[in-house]
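# Structural features, examined
Take a look at the letters that make up each chain.
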2 protein chains.
Amino acid sequence: MKDQTMYIPTLDDMLAARERIAGHVHLTPVLTSRMLNELTGAELFFKCENLQKAGAFKARGASNAVFGLTDEQAARGVATHSSGNHGSCLSYAAGRRGIPCTVVMPRTAPQAKKDAVRGYGARVVECEPSTSSREAVFAEVVAETGAEFVHPYNDPRVIAGQGTCSAELIEQVEDLDAVIAPIGGGGMVSGTCLTLSNLAPNVKIYAAEPEQADDAMRSFKAGHIIADDAPETVADGLKVPLKELTWHFVQRHVTDILTASDAEIVEAMKLIWKRMKIVMEPSSAVPLATILKNRDVFAGKRVGVIITGGNVDLDKLPWN
Amino acid sequence: MKDQTMYIPTLDDMLAARERIAGHVHLTPVLTSRMLNELTGAELFFKCENLQKAGAFKARGASNAVFGLTDEQAARGVATHSSGNHGSCLSYAAGRRGIPCTVVMPRTAPQAKKDAVRGYGARVVECEPSTSSREAVFAEVVAETGAEFVHPYNDPRVIAGQGTCSAELIEQVEDLDAVIAPIGGGGMVSGTCLTLSNLAPNVKIYAAEPEQADDAMRSFKAGHIIADDAPETVADGLKVPLKELTWHFVQRHVTDILTASDAEIVEAMKLIWKRMKIVMEPSSAVPLATILKNRDVFAGKRVGVIITGGNVDLDKLPWN
């Protein structure tokens, strides 16, 4: 397993990613809502990655990793551990290239998530819901297959891929003052930093995080990575900690990290569903939740808001 | 109150409507889903009127009626009776023109629907939930205000306005074989007939109806209007009967009327929410429900599917 974590991706990597994945991901639309503009006093431009292939921005990074492999690497396939969108998006990308993909998932992960990963063609290998079991099982998978490890976010290929999202956004919307995205492990925010710091350095970058998993905010304030101990939040895509590569970008280019409570996140989620008529995950509502409670920061500004994904269990909506 | 029901709207009326309402309604996007194409064997193009102003295609007809009034008429305002999208859409259009609007609604209508109508500025006048009370209260409103009556669908201005939807669709998607829309009172289907019979006469027009409110299908087979007696269906926007004007278009230009059960409608609705990540009403799922059960009719065809509206009560989803 090659160590990818030491290489800092560059603008050229993002531009190469954009070309590489063009046929495999959507150029997602930007939606606006007059009502939400009136409510926030800002002009909000929602970049709809919930409408992305496989329902999440992670199709970008995964596709960049998969289609950047040499034929020899590709023949051995890819592998990852994920109980969320990265697993299904890597499965999607591997399926597009027609190569093997293995996703290690805790046996306790929801059946729907395992089905989604399998639905795109990958093999699911179950582990116990502990870090030690996951690492042991994953090492076995790699030893057995020789598969290329594609980390959900601490991977330069993944970050370069996620950076294509804001590259589209600044072409779709002129004169943005700021972009805000949810932060978990920091893949999307790092990609946004990579792209905007090079192509639109005047655009401020904000990250939005659940209060109940506010490790990135605390890391940002402390000046070094702090990990949460098993956080619980409705925004279940945002529980993972920053890693070296994402910390590199966050500490250099993010203006601020804002937080919202679970109740505020659910309220913002409902507001977007009701007013914009789009289905998105709780994680995707964290930016609007923080904009609503930080009016002074965003009022009068043109703000890009990344809606990161739309894979939600319709039978278990957080307001039911 | 001028009788509008005898005049059959023409292509020129639709073209005039398109110009008149251009600044007041969205040119709504067309979405596609590879998964739904695979499932149906057809190429489906979803025209997303759930993303329309006020959340429904009825903003088109209502805007055409409101902005077509003379200044003298406009000063007296508009009025209608509706417990659904027409009420809020007429309120929206009247608000844009800055004229009075009164909507007569049964006192038993959901609070959320009354709030939506009031939210755009109209006055709500309540009646008892019976036809006789509604007619008596509505007559009082008109006598008192001199307001122009804008019927939800049996009105040439409304039908011409709804016809702008398929005028956009045939510009957005080339070489359609068919268009399918839900049918209740028949306003959207009539507008579709008006536009396509003139501009794209080779495109077949299908209407989709709940089995539990299949009056349009039975009318179509019988050759004259049959009204249901208080039908009950999850597709609550489709309970109203055809009227003279809509029957005129339906009997001349519709190829077939297909039906689906409430269970099939809910399943199709969930499929669209899950796969396309859009919020839409049960009524809007009826076309996909009928496509899924009439594979032989649509497989291999390029089919426009009108998603009519997105105003659903998130606290009372039909699968919860």
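In this text the structure is predicted, and so the values were computed from the model without any measurement. (Residues numbered from 1 in each chain as written. Chains lettered and ligands numbered in written order. Predicted model: local features only at pLDDT ≥ 70, side-chain atom pairs only at ≥ 80, totals over all residues. Heavy atoms only, no water.)

Quick look at the interface of chain B and chain A now. Each side of the interface is counted separately: chain B has 23 residues, and chain A has 23 residues. Roughly 1800 Å² of surface becomes buried between chain B and chain A when both sides are summed, with 54% attributable to carbon and sulfur atoms. In this assembly, chain B and chain A are joined by 2 salt bridges. Asp315 of chain B is the partner of Lys270 of chain A in a salt bridge, and the nearest nitrogen-oxygen pair spans 2.7 Å. (Contact = heavy atoms within 4.5 Å. Buried area = accessible area lost by both parts, 1.4 Å probe. Salt bridge = Lys/Arg side-chain N within 4 Å of Asp/Glu carboxyl O.)

What follows covers the environment of Ala65 of chain B. All names here are of chain B. Turning to its location among the elements, Ala65 is positioned in helix 3 (residues 58-67). By relative accessible area, which is 0% here, Ala65 ends up buried. Separated by 215 residues in sequence, Ala65 and Met280 place their C-alpha atoms 25 Å apart. Once you skip the residues sitting within four places of it in the chain, Ala65 turns out to touch Val150 and Arg157. (Helix = DSSP H or I, 4+ residues; strand = E, 2+ residues; numbered from the N terminus. Buried < 20%, exposed > 50% of the residue type's maximum accessible area, 1.4 Å probe, protein only.)

In the numbering used here, UniProt assigns the feature "domain: Tryptophan synthase beta chain-like PALP" (unreviewed entry) to residues 23-309 of chain A. Taken end to end, residues 23-309 of chain A is 48% helix and 17% strand, and its first and last C-alpha atoms sit 20 Å apart. (UniProt positions renumbered as here; feature names shortened; annotations may be inferred.)

Interfaces are often described in size by the accessible area the parts lose on coming together. Residue and element names in this part refer to chain A. Segmentation of chain A into domains returns domain 1 (11-56 + 155-316) and domain 2 (59-149). Listed as interface residues are 26 residues of domain 1 and, on the opposing side, 17 residues of domain 2. Counting the surface lost from both domain 1 and domain 2, the interface buries some 1700 Å², and carbon and sulfur atoms represent 49% of this. Three residues, His24, Ala54 and Arg157, lead the burial of domain 1 against domain 2; their summed loss comes to 37% of the area buried on that side. (Domains from an automatic or database assignment.)

This part covers the sheet that holds strand 4 (residues 101-106) of chain A. All names here are of chain A. A sheet is described by the order of its strands in space; here 4 strands give the open sequence 5-4-3-6, paired in parallel fashion. Lying at the two open borders of the sheet, with one neighbouring strand each, are strand 5 (123-127) and strand 6 (148-149). Inspection of the sheet shows strand 3 (residues 78-81) paired to strand 4 by 4 bridges, in the parallel sense. Bridge assignment links Ala79 to a residue of strand 4, and that residue is Thr102. Helix 5 (residues 85-97) contacts strand 3 and strand 4 of the sheet and is inclined by roughly 170° relative to strand 3. (Pairing = 2+ DSSP bridges. Axes fitted to C-alpha atoms, helices over the stretch in contact; angles between N-to-C directions.)

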